Amino acid sequence: MKFIISILLVALLTYAIGIYGNLPWWSFVITNLLIAVAIPQKPLMAFAAGAIGVGLLWAGLALGIDLANNHILSTKVATILPLKGSYSSLIILTALVGAILGGLASLTGSFVRAHKS
Amino acid sequence: MRLLPLIASAIVTTALVFTLNIQLKIGNAKAPRLGYFLSPQHGFWKNAEKIDANFDASIVANELQGNVDVYVDDRLVPHIYADHDQDAYFVQGYLHAKFRLWQMDFETRVASGRLSEIAGADKLPIDRMFRRLGMVYGAEKTEANINETNPTMKATVDAYTAGVNAYIKQLDPADLPFEFKLMNYAPEDWTPKKTYLFLMFMSYDLTGRSASVDLQMTNTRDYLGYDLFDKLYTNHQDSLDPIIPKGTVYEKPSIVPVKPLNADSAYLHKANSLAFNAVDMPEAPDKNNGSNNWAVAGSKTKSGRPILCSDPHLGLNLPSLWYEIQITTPTHSTYGASFPGSPAVIIGFNDSLAWGVTNAGRDVLDYYEIKFKDSNRNEYWFNGAWKATTKRTEVIKVKDSADVVEDIAMTHWGPTMFDAHYQNTQSNGRNLAVQWTALTASTGVETFYLLNRAKNYDDYLHAISLWTCPGQNFVLATKSGDIAIKQQGSFVARWERQGDFIMPGEDTSFQWQGIIPTNENPMIKNPERGFVSSANQKSTDASYPYYLGAASAFPLYRGISVNMHLKNMSQITAEDMQTLQTDNYNVFAATARPALMKYIQVDKLSSDAKRMVNEMNNWDLYNSVNAKGITCFKIIWDSVEQAVWGDELSGSAIPLLKPEASVLLDQMLKDTNWSIADDIRTKNIVEDLKTQVTLGVEKATEKLLALEKENKLEWALFKATRVLHLTKTPALSRLDLPIGGGVNIINATTENHGPSWRMVVHLTDEIEAYGLYPGGQSGNPGSPYYDTFVNYWAAGKYYRLLFLSKDKLKQSERTKWHMQFQKSNS
């Protein structure tokens, strides 16, 4: 239950703080950390919750945008980056970057809590 | 204890944030900040526009005097209906920013030598060149002139600026245009100076070739000696069909420029041989920067009303230089192509008339050689005394590196572009000051502001009389039946060859002796032949009393082609004019091919060479998409040129100017034993044209066989026309377009250059207009409107332009969206 709630909270707060364009793109690192402090879990579970929460959110957002855009921009960016023009690779890369950073942030948070207790 | 894992995990997390938040290097280029770039709420995903995006909007702006309605049609062209002129320009600025902000920022950065600031030290050569050429100086002079003398134009540019800034102000950082995110920088506020910088860039693009060519001509003359130079780079053009028909009688000139007595000796002086570090020469503006325009009178059209056509040939870029717009206010109603960066319509039509422009090609930029007293460059020798310079300091900010300061000695000629601190591969150690009409205060866009409102021929004449630089051929057609063309700009009254080479700057003898009065500029109204036209050829024959400039600045053949067609046409329709604008007939090859065939010794050719010659000979003379004959012709011609004058030009350490194709062709047609044909490197043999042409064909065959292997003999595949993104990023460009045309062709589409706005306007009661440019109304690579028109353009098709009153446009089925601009919420 904690795990599911963590994932949902991570996704919700990552999205909410992301609305503010003036805040840095990595602001979710802070929210993830706080969530992991507030909801104590084993490090691995915390990492997973953070990674899944951000990763799925970013994958979902990117996928939705990409479908509505008919892959016009993703195909171009996937050529620049270079991902051989594959929009699916680009969505996966987007999700991975979000997931790894989100996971690490939550992991760090879980250690804060573990350290305190 | 979890302290150690905590610290480790915190460090790894921080390091990752840091790594994803900086620009890493991929190869030579800087990558975007990856985390930021990929974040779906901050980065590039935000620029992926919904394909069914809704452009309805309601915008409140206190700067407005009243309300403005903008209806946007199915091609994303805005139709502005404003009660006040300045409001219309405010909204034009807003819309330019909304759809083209990055391009506006980038182009004015290029013009002002500020690319290094965002792209790093790689861009220093181009930044330094533009600073030293006086681009910022020129823009400042124009701005000062407008501010002091022209309140209407000041108000116009101010309103436009306010519009751009109103958009920037409300822009959420997450919605920054794509390229800002890619290159990791942010837009600045717009200023009137940026508008003038943009116009300076157009002056550079259309007259700045002299900044390179004058040096190359000088070096070529020094290498070959004047006599041989004058043969290979002759100013005589046998086949010229000028803009103003041959035989026109010109009035006595009010200025008679006098060639200095010492010109023959002093003007042929050799270069200094100082040691210097040369920077690479930035690419000069494209030689093919030119255009076609023409107007046919009612006597030649089916409807009895004039038709006007204009297609400026410029570099083909995404986002396009052009942005279509309709501006309707109580004073005027105008439609056409505008420049993001500038108010008003540049090429277009209103409810009374239509106008278009081509480049005049006149030489308005000269170099004067300066003798400084010492390395401080505080004084230079002039008229027998030391004259003081002033210093202009230009600071170039460089990304990730220290500032570079250009300390430019200003002379009465203009800025000292080249001195001990700045030399390129052609400047040869000299101190050179630039005199350029673009650096004398211009009137900004006043000419276009007035053309937008012109009702008749007299209004047109007044509007264009204010134009200074870059000199243009302004064509006109009115509903009332007038057609006219006039070459207008600040043109120097020159003696023959004045300014073709670097001039001595130590006294007044080589100075400009005056600017030709505007009423003496070449012009023609309602000629008997029923049409006026221009295609960058010389505007007049030799009876015009002023020197136009070196012949190499004036392409011959497009003009011949346009006039040949127009002469033979009657009962013309707008559709016929579209066909002519996209015509691929190769008038140069029509003359050059038989000339080549006359000299080719077929019996001496290899079987492959014979096959290629046959391919060329059976070609229908149209540069069409699938033609192989044109590819054979082009490669053979180039190879023959190389055989004929490669020997004379090889051996110079500095790359020399290539003679014009017409020089060789005219000689081939004369059938004389031309001494240039001999290969001066072979001591005991005297080659004639037959030997050289045959040799050229054999050499060409090697190249053609290689192309055949790659399956690139078909013209469009060989030419590979592309519309390049301004950063040259292939993924953001359109490559390998199936389009014919080429150099010397009315459809002047080359590799990355060509008709940048095709327009046909039929001056009927309800104006019937067609047009398009190779781009799209949105500058956003993530928008379906980014390159909407490219395929249509390549196929030679046109859109019918919607030019309607507000009531009619509101009801048009092509009208899709409504943007409301309101003074306040109430």
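Residues numbered from 1 in each chain as written. Chains lettered and ligands numbered in written order. Predicted model: local features only at pLDDT ≥ 70, side-chain atom pairs only at ≥ 80, totals over all residues.

Q: Explanation requested: the nonpolar core in the structure shown.
A: If you look at soluble globular proteins, the nonpolar side chains tend to sit buried side by side. One finds A295 and I307 of chain B to be the most contacted residues of the largest nonpolar core, which totals 216 residues. The biggest single contributor to this core is helix α3 (residues 85–111) of chain B, with 14 residues. Leaving out residues up to four positions away in the same chain, I307 of chain B has contacts with A295, V296, T301, A477, I572, A574, M577, V760, V761, H762 and L763 of chain B. Membership of the second largest hydrophobic core comes to 50 residues, among which are L33, A46 and V77 of chain A together with F178 of chain B. (Core = buried A, V, L, I, M, F, W, Y, C linked by C-beta atoms within 7 Å. Buried ≥ 20, exposed ≤ 12 C-beta atoms within 10 Å, placed from the backbone. Helix = DSSP H or I, 4+ residues; strand = E, 2+ residues; numbered from the N terminus. Contact = placed C-beta atoms within 7 Å.)

Q: Got a minute to help me understand helix α20 (residues 661–670) of chain B in this structure?
A: Along α20 of chain B, the residues classified as buried are S662, V663, L664, L665 and M668 of chain B. On its buried face, α20 of chain B sits against α11 (226–232), α17 (587–599), α19 (629–649) and α21 (689–709) of chain B.

Q: What's the story with the packing of helix α1 (residues 2–18) of chain A against helix α2 (residues 28–38) of chain A in this structure? I'm lost.
A: Packed helix pairs are characterised by how far apart their axes lie and by the angle those axes make with each other. Residue and element names in this part refer to chain A. The geometry of α1 relative to α2 is characterised by a closest axis approach of 9 Å and an angle of 150° between their N-to-C directions. Viewed along their axes, α1 and α2 adopt a mutual orientation that is roughly antiparallel. As for the relative orientation of α1 and α2, their crossing is right-handed in sense. For the pair α1 and α2, the contacting residues are S6, L9, V10, L13, T14, I17 and G18 in the first and F28, T31, N32 and I35 in the second. When grouped by side-chain class, the residues that make up the contact of α1 with α2 number six nonpolar, five polar and no charged. (Axes fitted to C-alpha atoms, helices over the stretch in contact; angles between N-to-C directions. Parallel < 35°, antiparallel > 145°, perpendicular 65-115°, else oblique. Left-handed = near helix turned anticlockwise from the far one by under 90°. Nonpolar A, V, L, I, M, F, W, Y, C, P; charged D, E, K, R; others polar.)

Q: Explain unusual backbone geometry here, please?
A: Trans peptide bonds make up the majority, and among non-glycine residues the majority have a negative phi. Cis peptide bonds are those with omega within 30 degrees of zero, and the linkage from L81 of chain A to P82 of chain A qualifies with 5°. Looking at the secondary structure, you find P82 of chain A in the loop between α4 (72–80) and α5 (87–116). Residue C469 of chain B is joined to P470 of chain B through a cis peptide bond whose omega torsion reads -5°. The residue P470 of chain B is located in the loop between α14 (457–465) and β22 (472–478) in this model. Residue K84 of chain A is not a glycine yet carries a positive backbone phi of 55°. In this fold, K84 of chain A is placed in the loop between α4 and α5. Looking at K84 of chain A, the number of C-beta atoms within 10 Å reads 8, which means it is exposed. Of note in the backbone geometry, N383 of chain B takes a positive phi value of approximately 50° without being a glycine. With respect to the element layout, N383 of chain B can be found in the loop between β15 (379–382) and β16 (385–388). According to the C-beta neighbour criterion, N383 of chain B is exposed, with 9 such atoms within 10 Å.

Q: Looking at this model, I keep getting lost on the interface of chain A and chain B. Mind explaining?
A: A common way to state how big an interface is: give the accessible area lost once the parts meet. Counting residues at the interface gives 34 residues for chain A and 37 residues for chain B. For the side of chain A that touches chain B, the secondary structure elements donating two or more residues are α3 (43–68), α4 and α5 of chain A. Looking at the side of chain A that touches chain B residue by residue, the class counts come to 22 nonpolar, ten polar and two charged.

Q: Any chance you could explain helix α15 (residues 557–568) of chain B here in plain terms?
A: All names here are of chain B. Here α15 spans 17 Å end to end across twelve residues, near enough to the 16 Å set by a 1.5 Å rise per residue. Buried within α15 are the following residues: Y557, R558, G559, I560, S561, V562, N563 and L566. Where α15 is buried, its residues meet β7 (290–296), β26 (531–534) and α17. (Expected span 1.5 Å × (residues − 1).)

Q: What should I look at first to understand the sheet that holds strand β28 (residues 734–737) of chain B in this one?
A: Across the sheet, which stays open at both edges, the three strands sit in the order β9-β27-β28 (chain B) with mixed pairing between neighbours. Of all strands in the sheet, those bounded by a partner on one side alone are β9 (317–318) and β28 of chain B. (Pairing = 2+ DSSP bridges.)

Q: Please explain the environment of V345 of chain B as it appears in this structure.
A: All names here are of chain B. By the secondary structure assignment, V345 is in the loop between β11 (332–338) and β12 (347–350). The buried category is assigned to V345, around which 27 C-beta atoms lie within 10 Å. With 253 residues separating them along the chain, V345 and Q92 place their C-alpha atoms 10.0 Å apart. Sequence-distant contacts of V345, defined by excluding residues within four places in its chain, comprise I325, I327, T334, Y335, G336, A337, S338, F448 and N452.

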